[in-house]
Amino acid sequence: MPLAVRFDEYGDIDVLKVVEVPRPSAGPGQVLVKVVAAGINPGEASIRKGLLHDRWPATFPSGQGTDLAGVVEEVGPGVSRFGVGDEVLGFVDTRSSHAELVVAESGNVVPRPPGLPWAMAGSLFVAGTTAYAAVRAVHLAPGDTVVVSGAAGGVGSLAVQLAVDAGATVIGLASEEHHDWLNDHGVIPVVYGEGVAGRMKDASGGHVDALIDTFGAGYVRLAVELGVPPERIDTIIDWEGAAEFGARTDGNAAAGDAGVLAELAGMIADGRLEVPIARIYPLREVREAFRDLEQRHTLGKIVLEP
């Protein structure tokens, strides 16, 4: 029997377990995928803890996981775009990708471009489409200066690259250990913490056009204080700040479709985008993977390999 991650109640990391489950089958319009890689995301930790119960309640026993990449094992009735053996990447809306076998809607997977590493393919959807939406939301044009908080995280590391690709001058707020990576990707690194407003002004020449907030901790307010128009501030985490100042909150829901995923995968294949992979864990070490994730200090993505 295949293995899958499950939890039976809200709680800390120790509620996660890897158990045998009945083999799933592809229904009409679906494909069954043998998972090679599946990314993990902060939102999954929040759901597991019950912090998002009002918005996305769990039904127990609950699986988890959205991102995936793997090989098609079975196609359901009505599916003609894919065949057994095809390599794909995509997503599910059923909290089920942290598993050996996953059923996905055929419209939610796309072909894996040649040369796209499995770990990058399997961790691209949530972070990639969130970064895509955030960059689009602040309407960057060549010559603009944009600040990205949490610039080395799963979303931030992609947002800074997409902003550079759009022709903007990009200032990335991150711990000093990640500054070399930011420099290598055309980003001006700035360490966060006390005095960050002054360092942002110095790095930008005194003018910031837009801000993308992936970290929280008051950056929406700080951007407004620096004179950034609220309509050019996008946060994926500070809902209170957005409501107070009228900032945007475009994230995965604003760009979460297979078309955007295919575009991002193509950019990676063309060498225009990179998903930095912090670490890869076996599926059975899912607790260790989330313990690592929840420290909020990794560069890029953490990935499970069944």
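These remarks concern the structure in this document. (Residues numbered from 1 in each chain as written. Predicted model: local features only at pLDDT ≥ 70, side-chain atom pairs only at ≥ 80, totals over all residues. Heavy atoms only, no water.)

## With respect to the overall build of the protein
Okay, so step 1: A count of helical and extended segments in the protein gives eleven helices and 14 strands.
Okay, so step 2: For the C-alpha atoms alone, the extent of the protein along its principal axes is close to 60 × 40 × 35 Å.
Okay, so step 3: For the protein, contacts bridging at least 24 residues in sequence account for 66% of all contacts bridging at least 6.
Okay, so step 4: As displayed, the protein offers around 12900 Å² of accessible surface, 50% of which is attributable to carbon and sulfur atoms.
Okay, so step 5: In the protein, 23 side chains carry a positive charge and 41 a negative one; their mean positions are 3 Å apart. (Helix = DSSP H or I, 4+ residues; strand = E, 2+ residues; numbered from the N terminus. Contact = heavy atoms within 4.5 Å. Areas by Shrake-Rupley, 256 points an atom, 1.4 Å probe, with all protein chains shown as cover. Lys, Arg positive; Asp, Glu negative; His and termini not counted. Charge placed at Lys NZ, Arg CZ, Asp CG, Glu CD.)

## Observations regarding the environment of Leu 182
Okay, so step 1: By the secondary structure assignment, Leu 182 is in helix α5 (residues 179-184).
Okay, so step 2: Note on Leu 182: relative accessible area 0%, which makes it buried.
Okay, so step 3: With 25 residues separating them in the primary sequence, Leu 182 and Ser 157 have C-alpha atoms 8.2 Å apart.
Okay, so step 4: Beyond its immediate sequence surroundings of up to four residues, Leu 182 is in contact with Ala 151, Val 160, Gly 172, Ala 174, Val 187 and Pro 189. (Buried < 20%, exposed > 50% of the residue type's maximum accessible area, 1.4 Å probe, protein only.)

## Some details on the sheet that holds strand β12 (residues 233-235)
Okay, so step 1: On the basis of which strands lie adjacent, the open sheet formed by five strands has the order β10-β9-β8-β11-β12 and parallel pairing. Of all the strands in the sheet, just β10 (188-190) and β12 have a single pairing partner and so form its edges. Taken over all neighbouring pairs, the strand axes of this sheet differ in orientation by 15° on average, direction set aside.
Okay, so step 2: One ladder, built from four bridges, connects strand β8 (residues 145-149) with strand β11 (residues 210-213); its direction is parallel. (Pairing = 2+ DSSP bridges. Axes fitted to C-alpha atoms, helices over the stretch in contact; angles between N-to-C directions.)

## Observations regarding the pattern of salt bridges
Okay, so step 1: Inspection of every chain in the model, using the stated rule, returns eleven salt bridges.
Okay, so step 2: Here Arg 48 makes a salt bridge to Asp 12, at a shortest N to O gap of 3.8 Å. Of this pair, Arg 48 sits in helix α1 (residues 42-49) while Asp 12 sits in the loop between β1 (3-6) and β2 (17-20), and the two are 36 residues apart along the sequence.
Okay, so step 3: In this structure, Arg 112 and Glu 87 form a salt bridge, with 2.6 Å as the shortest nitrogen-oxygen distance. (Salt bridge = Lys/Arg side-chain N within 4 Å of Asp/Glu carboxyl O.)

## Some words on the packing of helix α3 (residues 125-137) against helix α10 (residues 258-269)
Okay, so step 1: Two elements in contact, α3 and α10, have axes whose closest approach is 10 Å; the angle formed by their N-to-C orientations is 95°. It follows that α3 is roughly perpendicular to α10 by the angle criterion. On α10, the residues touching Phe 125, Gly 128, Thr 129 and Tyr 132 of α3 are Val 260, Leu 261, Glu 263 and Leu 264.
Okay, so step 2: Residue composition of the contact of α3 with α10, grouped by class: five nonpolar, two polar and one charged. (Parallel < 35°, antiparallel > 145°, perpendicular 65-115°, else oblique. Nonpolar A, V, L, I, M, F, W, Y, C, P; charged D, E, K, R; others polar.)

## Comments concerning α3
Okay, so step 1: For α3, with 13 residues, the first-to-last C-alpha span of 18 Å sits near the 18 Å given by 1.5 Å per residue.
Okay, so step 2: Most of α3 sits out of view: twelve of its 13 residues are buried.
Okay, so step 3: Among the residues of α3, those classed as buried are Phe 125, Val 126, Ala 127, Gly 128, Thr 129, Thr 130, Ala 131, Tyr 132, Ala 133, Ala 134, Val 135 and Ala 137.
Okay, so step 4: His 139 sits one or two positions beyond α3 and adopts a positive phi of about 55°. (Expected span 1.5 Å × (residues − 1).)

## Brief notes about the pairing of strand β14 (residues 301-305)
Okay, so step 1: Among the five residues of β14, four are classified as buried, and the element is accordingly described as predominantly covered.
Okay, so step 2: Here strand β3 (residues 30-39) pairs with β14 via two bridges, running antiparallel. What sits directly across from Gly 39, in β14, is Val 303.
Okay, so step 3: Where strand β13 (residues 277-282) lies against β14, five bridges are found, and the strand directions are parallel. Within the sheet, the bridge partner assigned to Tyr 281 lies in β14 and is Leu 304.
Okay, so step 4: With helix α11 (residues 286-293) bridging β13 and the parallel β14, this β-α-β connection has right-handed handedness. (Right-handed = clockwise from strand over helix to strand, strands pointing away.)

## Quick notes on α1
Okay, so step 1: Of all the residues in α1, the buried ones are Glu 44, Ala 45, Ile 47 and Arg 48. Axial view of α1: buried residues confined to an arc of 160°, hence all on one face.
Okay, so step 2: In the core, the buried residues of α1 are packed alongside β3 and α11. (Arc of directions from axis to C-beta.)

## Description of the side chain of Gln 30
Okay, so step 1: Among the secondary structure elements, Gln 30 is positioned in strand β3.
Okay, so step 2: Within polar-contact distance, the side chain of Gln 30 engages the backbone nitrogen of Gly 27 at 2.7 Å.
Okay, so step 3: Look past the residues within four positions of Gln 30 in its chain and what remains in contact with it is Ser 25, Val 75, Gly 76, Val 79, Val 103, Ala 104, Glu 105 and Ser 106. (Polar contact = N/O pair within 3.5 Å; in protein donor to acceptor, adjacent residues only side chain to side chain.)

## Considerations on the packing of aromatic side chains
What describes a pair of aromatic rings is the distance from one ring centre to the other and the angle between the planes of the rings.
Okay, so step 1: Applying the stated criterion across every chain, the model contains four aromatic pairs.
Okay, so step 2: Plain terms: the ring middles of Phe 7 and Phe 60 are 5.9 Å apart, the flat faces sit at 70° to each other, and that makes the pair edge-to-face. Of the two residues, Phe 7 is situated in the loop between β1 and β2 and Phe 60 in the loop between α1 and β4 (67-75); the sequence distance between them amounts to 53 residues.
Okay, so step 3: An angle of 10° between the planes, with centres 3.8 Å apart, marks the rings of Phe 91 and Phe 125 as stacked. (Phe/Tyr/Trp six-rings, centres within 6.5 Å; stacked < 30°, edge-to-face > 60°.)

## Re the environment of Val 18
Okay, so step 1: For Val 18, the location among the structural elements is in strand β2.
Okay, so step 2: When the C-alpha atoms of Val 18 and Gly 246 are compared, they prove to be 42 Å apart, with 228 residues separating the residues in sequence.
Okay, so step 3: Discounting residues that sit within four places of it in the chain, Val 18 has contacts with Leu 3, Ala 4, Val 5, Leu 283, Arg 284 and Val 286.

None of this, on its own, says anything about what the molecule does.
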